[in-house]
Amino acid sequence: MSKQERPKIPRQKMPEQERILRRSNFKEVALGFTEELAVKEANRCLQCKKPTCVSGCPIGVLIPQFIHALRRGDMPSAISIMKIKNNLPAICGRVCPQEGQCEGRCILGKKGEPVAIGRLERYVGDYELAHRVCPLVRQKDTGKKIAVVGSGPSGITCAVDLSRNGHSVTIFESLHVPGGVLIYGIPEFRLPKEIVNSEINYAVECLNIKILTDHIIGRTITLDEILSEYDAVFIGTGAGLPSFINIPGINYKGVMSANEFLTRVNLMKAYLFPEYDTPVRIGNRIAVIGAGNVAMDSARCSLRLQTIFGQKAEVHIIYRRSRDEVPSRKEEFHHAEEEGVIFDFLTNPVEILGDAEGNVRGIRCIRMKLEEPDSSGRRKPVPIEGSEFEIEADIVIMALGTSPNPLIFINSGNLQRTKHGTAVADIETGRTTRERVWAGGDIVTGAATVISAMGAGKRTAADIHRFLMEENSKN
Amino acid sequence: MYKIIRKEILSDTIKLMVVEAPHVVRKAEPGQFVIVRINETGERIPLTIADYDREQGTITIVFQEVGKSTKHLGTLQPGDEISTVAGPLGHPTEIQKYGTIICAAGGVGIAPMYPIARALKNAGNTVISIIGVRSRDFLFWEDKMRYVSDELVVCTDDGSYGRKGVVTEPLKELLASRRIARVWAIGPGVMMKFVSLSTRDFNVPTMVSLNTIMVDGTGMCGGCRVLLNDGAKFVCTDGPEFDAHKVDWDNLLSRYQIYKKEEILSFETWKHKCSSDTDCHCEGKR
């Protein structure tokens, strides 16, 4: 095939579960490429000499190389190339915001549509989970013991890279299953828990990583105690603390943080209540405040729960900026609209209203307008005076961001944190203010993406390895 | 998995279990709690640590069977295993020498009060305990409480044992006649509310241990939030003990009702499954 022919192949669509049907279940919406579609899509890649896509990837996946192997039908090579940089491709392929990363920089995107790199990555990841042709291999034992706190994207990535280098890794997880936000936050229909479990189990089995669940650092065991037993510690505890806006009425029955709502639904499987014990309160009109990925996830879970439990299905997303500023991943916004979520743009809540029994009955909101862009290019929303109005709602879900959980800082010596509650750490190396302690992911940056946390886990693992090996050569 | 070592039936609906949880016991202190999940389909419920044995690596939980999870838990036997025991969670009770203090406990609240009273006694306080139950049949740990208290008052609602009436009555008499440095109260929400109202009149600092709806127990969900007069706090990470005089009791009591309907459905479903399952070994079946 010539270079001129490749861009003429249209970007291959991912088969999806039908729009109406999918509202009544939690099964995955995007169904994944078939081999035929994957090869067709792979054939669109121009194999640039200087691939701009790679520079857009926080973990530097060797994109042209894996795509090349894939289109030759050489899956073992595609997988081993993938795993040089990415330990969890089935997850990244599903949840990365590719439009702002690899695909955003693909040369084909300048004139037409970029190569569907994320979908190809997912294809490779899923193939490996089904066939297991390329197990991760552990180097000779270094005799070093490392503790990883938190088993979300940064912790797992860091643990896997360190184990590959021959270190003994123990992961401490506070919940009853590993995976962090991949398990409690991202819904089943976007990232099936079976995929998360099998990616993690596969890596953990190959590399002999130990995972201790039900261990809350700061309570069950402190950082000081861990340091006395391990050569190095990586903290990847994420940003799990929900924010509530400071307006009247947040404690009415029916107001929840998105964290609570999603934890009940995803981790505790409330959509299978009463087969599973944990319920989640739903209603006929659910209002989600915020428009990030977490808000989209909450809104789409809400629609499904209303359908499954036979309620009227009406879900609003209330966002103070406009359509153009929606911060979520494009595909999530698209899917939410397609499924029937109603968007109330340029709207800001002022007060949550309750009835005599203390249940939510609505939200008093104010209309907003956007000012001219400031020096950072962002248009600040300002309230329009006298424009207050009420939105009826029996459930209010607050998806307004999260901050790091402070428990880790209990008996943690000179581990410093910023006034935002994040750990002070070097962005490149992950080194904190305390010797032999590294940190990465949302605990350092505040709530961000799965892939940026994986990137941090990776860079930090490299620095920990370097540090321990230097220490070894000194002795 | 965490093995149940011993089980004791304290009253008709209150059961005690000693559970192997070596990771929890290392740091467990009076006032803290654990999150328990029975099995794969179970919910995460907070239960206060009633006692612990660091040498044996076990903790004691005491619970009242009210809904599906606690009733199900009550059917388990020594040798059975529980899927999750996570903790210890929450801040321990602030133990120091205050002087003469009162420990007021209602119903199942007697269990978590016991280690607190013991620690306060060991710290040199004069401990007056008031424990209240519905009737004689619901009373447990009277001897244990007596052992860690300088004085003990037992009340029953129906007068079938000890003094007839609720704990606030002897409490008010003590507050009026003695110099009380501090009061702790653990029990049903309504009981804690009225203890709080009583001690407020006498301006005696009062701590209550709140048991709210929770999911993770680590600060992640915020379902446990309680309104204090200086803002909302999380029971799991900021508590479970709070200054009783700051608590918005009506909001707290109203929030207990959030999942009432679902709790009944969950219990009915389980009971039905249990009675149709020939392999079920629960006590209801026997």
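Parameters at a glance
Residues numbered from 1 in each chain as written. Chains lettered and ligands numbered in written order. Predicted model: local features only at pLDDT ≥ 70, side-chain atom pairs only at ≥ 80, totals over all residues. Heavy atoms only, no water. Contact = heavy atoms within 4.5 Å. Buried area = accessible area lost by both parts, 1.4 Å probe. Salt bridge = Lys/Arg side-chain N within 4 Å of Asp/Glu carboxyl O. Polar contact = N/O pair within 3.5 Å; in protein donor to acceptor, adjacent residues only side chain to side chain. Helix = DSSP H or I, 4+ residues; strand = E, 2+ residues; numbered from the N terminus. Nonpolar A, V, L, I, M, F, W, Y, C, P; charged D, E, K, R; others polar. Pairing = 2+ DSSP bridges. Core = buried A, V, L, I, M, F, W, Y, C linked by side-chain atoms within 4.5 Å. Buried < 20%, exposed > 50% of the residue type's maximum accessible area, 1.4 Å probe, protein only. Axes fitted to C-alpha atoms, helices over the stretch in contact; angles between N-to-C directions. Arc of directions from axis to C-beta. Domains from an automatic or database assignment.

**Thoughts on the interface of chain A and chain B**
- Taken together, the 41 residues of chain A in the interface contact 48 residues of chain B.
- A buried area of about 3,700 Å², summed over both sides, lies between chain A and chain B, and 55% of it is on carbon and sulfur atoms.
- Sorting the residues of chain A by area buried against chain B places Arg 219, Asn 251 and Asp 277 of chain A first, and these three jointly supply 22% of that buried surface.
- For the pair chain A and chain B, the number of links is three salt bridges.
- Glu 225 of chain A is the salt-bridge partner of Lys 27 of chain B, the closest N and O atoms lying 2.5 Å from each other.
- Across the contact surface, chain A and chain B share 20 residue pairs in polar contact (both at pLDDT 80 or more).
- When contributions to the side of chain A that touches chain B are tallied by element, the ones reaching two or more residues are strand 5 (241-242), strand 6 (255-257) and helix 12 (258-267) of chain A.
- With four residues, the single largest contributor to the side of chain A that touches chain B is helix 12 of chain A.
- Residue composition of the side of chain A that touches chain B, grouped by class: 18 nonpolar, 13 polar and 10 charged.

**As for the side chain of Arg 94 of chain A**
All names here are of chain A.
- One can find Arg 94 in helix 5 (residues 89-95).
- Polar side-chain contacts of Arg 94 include one of 2.8 Å to the backbone oxygen of Ala 90.
- Setting aside residues up to four positions removed in sequence, Arg 94 forms contacts with Glu 28, Arg 122, Asp 126, Arg 190, Leu 191, Pro 192, Ile 195 and Arg 329.

**Focus on the sheet that holds strand 7 (residues 84-89) of chain B**
Residues and elements named next belong to chain B.
- In spatial order, the strands read 6-1-2-5-4-3-7; together these seven strands make up an open sheet with antiparallel pairing. Each end of this open sheet is capped by a strand with a single partner; those strands are strand 6 (81-82) and strand 7.
- For strand 2 (residues 14-20) and strand 5 (residues 58-64), the ladder comprises seven bridges, and the chain directions are antiparallel. The residue of strand 5 that forms the bridge with Val 18 is Thr 60.

**Let's talk about the nonpolar core**
- The biggest cluster of nonpolar side chains holds 79 residues, and the ones touching the most others in it are Ile 63, Phe 66, Leu 70, Leu 120 and Ile 464 of chain A.
- The contacts of Ile 464 of chain A, once residues within four sequence positions are left out, are Ile 146, Cys 158, Leu 162, Ala 232, Phe 234 and Trp 438 of chain A.
- Within the second largest apolar cluster, 51 residues are counted, among which are Ile 247 and Ile 289 of chain A together with Cys 236 and Trp 249 of chain B.

**Examining the sheet that holds strand 14 (residues 395-398) of chain A**
Residues and elements named next belong to chain A.
- Spatial strand order, 6-14-7-8-9: five strands in an open sheet with parallel pairing. The open sheet has two edge strands, strand 6 and strand 9 (342-344), and neither has a second partner. Within the sheet, the average angular offset between the axes of one strand and its neighbour, ignoring direction, is 25°.
- Judged from the four bridges that link them, strand 7 (residues 286-289) and strand 14 form a sheet pairing that is parallel. The partner of Ile 289 across the bridge, within strand 14, is Met 398.
- Contacts from helix 12 reach strand 6 and strand 14, with the element oriented near 80° to strand 6.
- Packed onto the sheet, helix 13 (residues 293-308) meets strand 7, strand 8 (315-318), strand 9 and strand 14 and runs at close to 165° relative to strand 8.

**Quick notes on helix 5 (residues 168-177) of chain B**
Residue and element names in this part refer to chain B.
- Every buried residue of helix 5 is accounted for by Thr 168, Pro 170, Leu 171, Leu 174 and Leu 175. The arc that holds the buried residues of helix 5, viewed along the axis, is 160°, so those residues lie on one side. Exposed and facing more than 90 degrees away from the buried side of helix 5 are Ala 176 and Ser 177.
- Those residues of helix 5 that are buried lie in contact with strand 8 (100-106), strand 9 (126-133), strand 10 (151-156), strand 11 (163-164), strand 12 (182-186) and helix 6 (189-201).

**Observations concerning the environment of His 245 of chain B**
All names here are of chain B.
- In this structure, His 245 sits in the loop between strand 16 (241-243) and helix 8 (249-255).
- For His 245, a relative accessible area of 17% translates into the label buried.
- A C-alpha to C-alpha distance of 6.1 Å links His 245 and Ser 196, two positions 49 residues apart in sequence.
- The contact partners of His 245, leaving out residues within four places of it in the chain, are Ser 196, Thr 199, Arg 200, Val 204, Thr 206 and Asn 229.
- In terms of polar contacts, His 245 uses its side chain to reach the backbone amide nitrogen of Arg 200, at 3.3 Å.

**Remarks on the domain arrangement of chain A**
Residues and elements named next belong to chain A.
- With domains assigned, chain A is organised as domain 1 (6-131), domain 2 (145-240 + 403-474) and domain 3 (244-400).
- On a C-alpha basis, the centres of domain 2 and domain 3 stand 31 Å from each other.
- Opposite the 13 residues of domain 2 that make contact, domain 3 presents 15 residues.
- Taking both partners together, domain 2 and domain 3 bury about 1,100 Å²; carbon and sulfur atoms supply 58% of that area.

**Brief notes about the domain arrangement of chain B**
Residues and elements named next belong to chain B.
- Here chain B is described as being made up of domain 1 (2-91) and domain 2 (100-255).
- Centre-to-centre separation of domain 1 and domain 2, based on C-alpha positions: 21 Å.
- Facing the 21 residues of domain 1 at the interface are 28 residues of domain 2.
- Buried area between domain 1 and domain 2, both sides added, is near 1,900 Å², and the carbon and sulfur share of it is 62%.
- Looking at the side of domain 1 facing domain 2, the largest losses of area belong to Arg 44, Pro 46 and His 91, adding up to 21% of the total buried there.
- At the boundary of domain 1 with domain 2, the tally comes to one salt bridge.
- Among the salt bridges present, the one from Asp 51 reaches Arg 118, with a minimum N-O distance of 2.9 Å.
- Where domain 1 meets domain 2, there are five residue pairs in polar contact (both at pLDDT 80 or more).
- For the side of domain 1 that touches domain 2, the secondary-structure elements that each account for two or more residues are strand 2, strand 3 (33-37), strand 4 (45-53) and strand 5.
- Sort the elements by how many residues they give to the side of domain 1 that touches domain 2 and strand 4 lands first, with five residues.

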